[in-house]
Amino acid sequence: MQLTHEENQFERKTFPITLVCDHIYFQQNIGSLFRISEAFGVENIIFFGKDIPLTPRKINKTSRSTHLHVAHSVIEDFTELQSYLLDNDFEIIALEIASNSKPLKEVMIPFDKKIALLIGSEINGISEELLKLSHQIVHINMFGKNSSMNVVQAASIALYEITSL
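Everything quoted here is computed from the prediction, not taken from an experiment. (Residues numbered from 1 in each chain as written. Predicted model: local features only at pLDDT ≥ 70, side-chain atom pairs only at ≥ 80, totals over all residues. Heavy atoms only, no water.)

Draft legend 1. Representation of the environment of Leu130. Position of Leu130 relative to the elements: it lies in helix H4 (residues 128-133). The spacing of Leu130 and Ile119 is 11 residues in sequence and 9.9 Å in space, taken between C-alpha atoms. Not counting residues within four places of it along the chain, the set of residues in contact with Leu130 comprises Asp22, Phe48, Phe78, Leu81 and Leu118. (Helix = DSSP H or I, 4+ residues; strand = E, 2+ residues; numbered from the N terminus. Contact = heavy atoms within 4.5 Å.)

Here it is in structure tokens:
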């Protein structure tokens, strides 16, 4: 028999993970990122970019009200984001297919640091300036002809892997 939200027996837990969303503008993706972040115990979401559409009535359908429960902020300036990540001693992990990326299964998670998981825009991925800031660049192995997947699907796979370690 299927359990209700109140009946499930999952342990409630928050991980020291900040999801950094590089210029993600599609409201359905934003809502879904809130939902998956809440499900995987993400501590915080940072939306990086100008004019991020965080209109609650537009994202509520996909977030299922989780945007009310996940701490989040918008940072418009790269220097401010860089200072925040470096000053708070994050292990910065970019989820991107790059010439120097390694498979997600090989990610090294230090136990004494908070994690900043960078995910890229629906059109351009993660910017070069953020890739250069990253300590690790990881990708999801794919076996079809396509070389990318939806940002929410990719974030879900990465969060599952990282929180399972």
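Draft legend 2. The arrangement of helix H5 (residues 151-164) in detail. For H5, with 14 residues, the first-to-last C-alpha span of 20 Å sits near the 20 Å given by 1.5 Å per residue. Among the 14 residues in H5, 10 count as buried, and that is most of the element. Buried within H5 are the following residues: Val151, Val152, Ala154, Ala155, Ser156, Ala158, Leu159, Glu161, Ile162 and Thr163. (Expected span 1.5 Å × (residues − 1). Buried < 20%, exposed > 50% of the residue type's maximum accessible area, 1.4 Å probe, protein only.)

Draft legend 3. Expanded view of the nonpolar core. Ranked by size, the top nonpolar core spans 33 residues in total, and within it Leu19, Cys21, Leu33, Leu95, Leu117 and Ile119 carry the most contacts. Listed by contribution, the elements that provide at least two residues to this core are strand S1 (15-22), helix H1 (27-39), strand S2 (42-48), strand S4 (90-95), strand S6 (114-119) and H5. Setting aside residues up to four positions removed in sequence, Ile119 forms contacts with Leu19, Val20, Cys21, Asp22, Ile24, Leu33, Leu95, Ile126, Val151 and Ala155. With 17 residues, the next largest nonpolar core counts Ile75, Leu81, Ala116 and Leu118 among its residues. (Core = buried A, V, L, I, M, F, W, Y, C linked by side-chain atoms within 4.5 Å.)

Draft legend 4. Layout of the sheet that holds strand S5 (residues 102-103). Spatial strand order, S3-S2-S1-S6-S4-S7-S5: seven strands in an open sheet with parallel pairing. Of all the strands in the sheet, just strand S3 (71-75) and S5 have a single pairing partner and so form its edges. Where S4 and S6 come together, five bridges link them in parallel fashion. Paired with Ala94 across the bridge in S6 is Leu118. (Pairing = 2+ DSSP bridges.)

Draft legend 5. Representation of the environment of Ser37 within the structure. Among the structural elements, Ser37 can be located in helix H1. Sequence separation between Ser37 and Ser156 is 119 residues; the distance between their C-alpha atoms is 8.3 Å. Sequence-distant contacts of Ser37, defined by excluding residues within four places in its chain, comprise Leu19, Val42, Ile45 and Val70.

Draft legend 6. Broad picture of the pairing of S4. Within S4, six of the six residues are buried, leaving the element largely enclosed by the surrounding structure. The two faces of S4 match: Phe90, Ile92 and Ala94 on one face and Glu91, Ile93 and Leu95 on the other face are all buried. Note: S4 against strand S7 (residues 136-139), three bridges, orientation parallel. Of the residues in S7, the one forming a bridge with Ile93 is Gln136.

Draft legend 7. Layout of unusual backbone geometry. For Asp51, which is not glycine, the phi torsion reads 60° and is therefore positive. Position of Asp51 relative to the elements: it lies in the loop between S2 and helix H2 (56-63).

Draft legend 8. Representation of the layout of surface pockets in the model. Roughly 830 Å³ of internal volume is contained in the largest pocket. Sorting elements by how many residues they give to the lining of the largest pocket places H1 first, with three residues. Tallied by class, residues from the lining of the largest pocket come to six nonpolar, eight polar and six charged. Looking at the second largest pocket, its volume works out to about 400 Å³. As for the second largest pocket, its lining consists of 21 residues, of which Leu95, Glu96, Ser148, Met149 and Ala154 are closest to the centre. Looking at the lining of the second largest pocket, the elements with two or more residues in it are S7 and H5. Broken down by element, the lining of the second largest pocket gets its largest block of residues, three residues, from H5. The residue inventory of the lining of the second largest pocket, partitioned by class, reads 11 nonpolar, eight polar and two charged. (1 Å grid on protein atoms, 1.4 Å probe; cavity = no way out; pocket = protein on both sides within 12 Å on 5 of 7 lines; lining within 4 Å. Points joined across faces, edges and corners; volume = space filled by probe spheres on them. Nonpolar A, V, L, I, M, F, W, Y, C, P; charged D, E, K, R; others polar.)

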